[in-house]
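What follows is each chain in one-letter form.
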Amino acid sequence: MRMTGVNRQFTFSQRVQIPGRVPPAGTYRFQLADSNDRRLVQIFRQDQSRVATLYSIPRVRDGRGLDVAIALVNRGANQPQAVVAWFFVGERQGHELLYPRQEKQELAGGTQKTFVSGD
């Protein structure tokens, strides 16, 4: 899969999984919901329509966190990669998306890679 990230936007060359959905390839913007709850992550299409509002838990990434990043789990050739975490520019603490228990167990067996903006 090819993926690029700029600020809070990511362009996926293939469909990806998020909790409860599998959006098609395209450009998506990740942001925190406009609320006091810093656990709510919203995902929007390029046309500004909302794809999902998801709960997250804090997750710390390796490194200095200078660039926007997203963590994906590869689940095999016939399955879309799953977005498991998203990180702001300049922050080491990001947002791990909450999957249902069974899906989380399935994702734990996959290979995870963090893509930094420009990868």
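Check the entry above for the structure.
Now for a look at the structure at hand. Numbers given for residues are sequential positions, taken from 1 along each chain in its written order. Totals for whole chains, interfaces and linings use every residue, but because this is a predicted model, local features are given only for residues with pLDDT of at least 70 and side-chain atom pairs only at 80 or more, for both listing and counting. Excluded from the side-chain calculation are hydrogens and water; included are all heavy atoms of the structure.

What follows is about the overall build of the protein. Broken down by element type, the protein carries 1 helix and 10 strands. Burial status follows relative accessibility: with a 1.4 Å probe on protein chains alone, a residue under 20% of its type maximum counts as buried, one over 50% as exposed, and anything between as partly exposed. Counting the 119 residues in the protein, one finds 42% classified as buried. Long-range contacts, defined as pairs at least 24 residues apart, comprise 49% of the intrachain contacts of the protein with a sequence gap of at least 6. Method for areas: the Shrake-Rupley scheme with a 1.4 Å probe, in which residue coverage is limited to the protein chains shown. When the accessible surface of the protein is split by element, carbon and sulfur atoms take 44% of a total near 6900 Å². Each helix corresponds to a stretch of at least 4 residues labelled H or I by DSSP, and each strand to a stretch of at least 2 residues labelled E; elements are numbered beginning at the N terminus. Note on contacts: a residue pair qualifies if any of its non-hydrogen atoms lie within 4.5 Å across the two residues.

Before going further, it helps to spend a moment on the packing of aromatic side chains. Ring pairs are drawn from Phe, Tyr and Trp, using the six-membered ring of Trp, whenever the two centres fall within 6.5 Å, and their geometry is named by plane angle: stacked under 30 degrees, edge-to-face over 60, tilted for the rest. Within the structure shown, the criterion is met by 5 aromatic pairs. Summarising the aromatic geometry, the rings of Phe 12 and Tyr 28 are spaced 6.2 Å apart at their centres and angled 45° between planes, so their arrangement reads as tilted. Of the two residues, Phe 12 sits in strand E2 (residues 9-12) while Tyr 28 sits in strand E4 (residues 26-32), which places them 16 residues apart along the sequence. Its relative accessible area of 5% is what places Tyr 28 among the buried residues. Look at Phe 30 and Trp 86: their rings are 6.1 Å apart centre to centre, the planes differ by 35°, and that puts the pair in the tilted class. Of this pair, Phe 30 sits in strand E4 while Trp 86 sits in strand E8 (residues 81-87), and the two are 56 residues apart along the sequence. Members of the aromatic cluster, connected to one another through ring pairs, are Phe 10, Phe 12, Tyr 28, Phe 30, Trp 86 and Phe 88.

In this structure, Gln 48 takes a positive phi of about 80° despite not being glycine. Looking at where Gln 48 falls in the secondary structure, it is placed in the loop between strand E5 (40-45) and strand E6 (50-60).

Turning to the nonpolar core, a few remarks are in order. We define a nonpolar core as any set of buried Ala, Val, Leu, Ile, Met, Phe, Trp, Tyr and Cys residues linked to one another through side-chain atoms lying within 4.5 Å. Counting residues in each nonpolar core, the largest one holds 29 residues, and the members touching the most others are Phe 12, Phe 30, Val 83 and Trp 86. At the level of elements, E2, E4, E5, E6, strand E7 (69-74) and E8 are the ones that each hand at least two residues to this core. Considering each element in turn, this core owes the most residues, 6 residues, to E8. In contact with Phe 30, not counting residues within four places along its chain, are Arg 8, Phe 10, Phe 12, Val 41, Gln 42, Ile 43, Ile 70, Val 83 and Trp 86.

Another aspect to go through is the side chain of Arg 61. Mapped onto the secondary structure, Arg 61 falls in the loop between E6 and E7. Given a relative accessible area of 8%, Arg 61 falls into the buried group. Among the polar contacts made by the side chain of Arg 61, one reaches the main-chain carbonyl oxygen of Phe 88 at a distance of 3.0 Å. Definition of a polar contact: a pair of N or O atoms within 3.5 Å, with one able to donate and the other able to accept a hydrogen when the atoms are protein atoms, and with sequence-neighbouring residues admitted only if both atoms are side-chain atoms. Side-chain polar atoms of Arg 61 contact the backbone oxygen of Glu 91, separated by 2.9 Å.

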